[in-house]
Amino acid sequence: MQADRSFVDAVTNAAVVPVKPSVSIVIPAYNEEGVIRQCLIAAVYQSVPADEIIVVDNMSKDRTAEIVRQMQQEYPESPIILLSQDKTQGLIPTRNFGLNSATSDVLGRIDADSVLEPDWVEQVQKSFADPSVQAATGPVVYYDMPMRRFGLKADDKMRQLMLRLAKHQYHFLFGSNMALRRSAWETIRDETCLDEKDEMHEDIDLSLHLADHDLRVQYWPQMVSGMSARRLEDSPRDYRYYVTRFDRTYKAHNVKKMALKAPMVVFFSVYFPAKLLRAIHAANAPQGRRGGL
């Protein structure tokens, strides 16, 4: 009788343990030979392995695809998958191709210059433990800038401020560090803007389509990714065009909340100071070495 009771208790306890979702990592890539290797190494060395690490090469003219194939040989036990999207040039069709090809419960999406923290997949699983969460995003640390940990805290505070300013009606995903349930992607994928003129922020567009369906986006501070501040290498004119993508994305969705212009103000205000800091950091860094986390 005691043995039977123990068996029943064990079965009951096992039944209430939530099943952790499988996780794919999707990485769109175009001419990323300088960063794709470190991106993949970080994706491979996770405390909880990803079920798929999908690189979608978009007609690169450099060694991006070759480096991914080398990584497949060096890490045969890791689920590195190389796909080719050779029909259309552009981030959005390449992103869509990767998300459509992924088979896990949760689809992570990062950039080719992202360097995930070692517990990123584990944190993604924790962020989706609540079944009401349909997408998640987190802060980033700029690995090629000085005072990186201070920068991470500042980035975290800015994103939490944005959530409060939007009165929790909108919560924007960040393309370098985001994940969404496959079911949520399947709900919005035929509605997302193709942005053939390349005028908008594709991650903000995703967020707004999720909001249209009341699909909950969660901010998870422990879900951290590193990324490059190479955007600061843009000319002032190109940088301004990048920042004003916010406005063009809002207009495409008829979103008129003035508070949502806050990121534009922040990005404009930090451009010249951050550009100077990055130049000083690069001048003092050893030749051939990129910043780590």
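Each remark here, short or long, concerns the structure printed above.
Being a predicted model, the structure only gives us computed values, none of them experimental.

Reading guide: rules and limits
- Residues numbered from 1 in each chain as written.
- Predicted model: local features only at pLDDT ≥ 70, side-chain atom pairs only at ≥ 80, totals over all residues.
- Heavy atoms only, no water.
- Buried < 20%, exposed > 50% of the residue type's maximum accessible area, 1.4 Å probe, protein only.
- Helix = DSSP H or I, 4+ residues; strand = E, 2+ residues; numbered from the N terminus.
- Pairing = 2+ DSSP bridges.
- Axes fitted to C-alpha atoms, helices over the stretch in contact; angles between N-to-C directions.
- Contact = heavy atoms within 4.5 Å.
- Parallel < 35°, antiparallel > 145°, perpendicular 65-115°, else oblique.
- Nonpolar A, V, L, I, M, F, W, Y, C, P; charged D, E, K, R; others polar.
- Salt bridge = Lys/Arg side-chain N within 4 Å of Asp/Glu carboxyl O.

Caption draft 1: Spotlight on the pairing of strand β8 (residues 178–181). Side-chain alternation along β8 places M178 and L180 on one buried face and A179 and R181 on a second face that is also buried. As defined by bridge partners, strand β4 (residues 106–109) adjoins β8 across four bridges and the pair is classed as antiparallel. Bridge pairing in β8 places R109 opposite M178. In this structure, strand β6 (residues 133–137) lies alongside β8, joined through three bridges in antiparallel fashion. By the bridge assignment, A136 is partnered in β8 with A179.

Caption draft 2: Fine view of the sheet that holds strand β2 (residues 52–57). Taken in spatial order, the seven strands make up an open sheet running β3-β2-β1-β4-β8-β6-β9, and their pairing is mixed. The open sheet has two edge strands with one neighbour each: β3 (80–84) and β9 (216–219). For this sheet, the mean angle separating the axes of adjacent strands, direction not counted, is 25 degrees. The strands touched by helix α3 (residues 64–74) are β1 (23–29), β2 and β3; relative to β3, the strand with the most contacts, the crossing angle is about 155 degrees.

Caption draft 3: Broad picture of helix α4 (residues 91–101). Taken together, the buried positions of α4 are occupied by I92, T94, R95, N96, G98 and L99. The inward-facing, buried residues of α4 abut β1, β2, β4, α7 (182–188) and α8 (202–212).

Caption draft 4: Looking closely at the packing of helix α9 (residues 236–243) against helix α10 (residues 245–252). Taken N-terminus to C-terminus, the directions of α9 and α10 make an angle of 30 degrees; their axes are 4 Å apart at the nearest point. The angle between α9 and α10 places the two elements in the roughly parallel class. Across the interface between the two elements, Y241, Y242 and V243 of α9 pack against R245, F246 and R248 of α10. Per-class residue counts for the contact of α9 with α10 are four nonpolar, no polar and two charged.

Caption draft 5: Structural view of the pattern of salt bridges. Here the structure, examined in full by the defined rule, presents twelve salt bridges. Connected through salt bridges with shared partners, the residues R95, R109, D111 and E202 form a single ionic network.

Caption draft 6: A look at the sheet that holds strand β5 (residues 115–116). Taken together, three strands build an open sheet; the order of strands is β5-β10-β7 and the sheet is mixed. Sheet topology places β5 and β7 (140–142) at the edges, where each strand pairs with a single neighbour. In this structure, β5 lies alongside strand β10 (residues 225–227), joined through two bridges in antiparallel fashion. Across the sheet, V115 pairs through a bridge with G226, a residue of β10.

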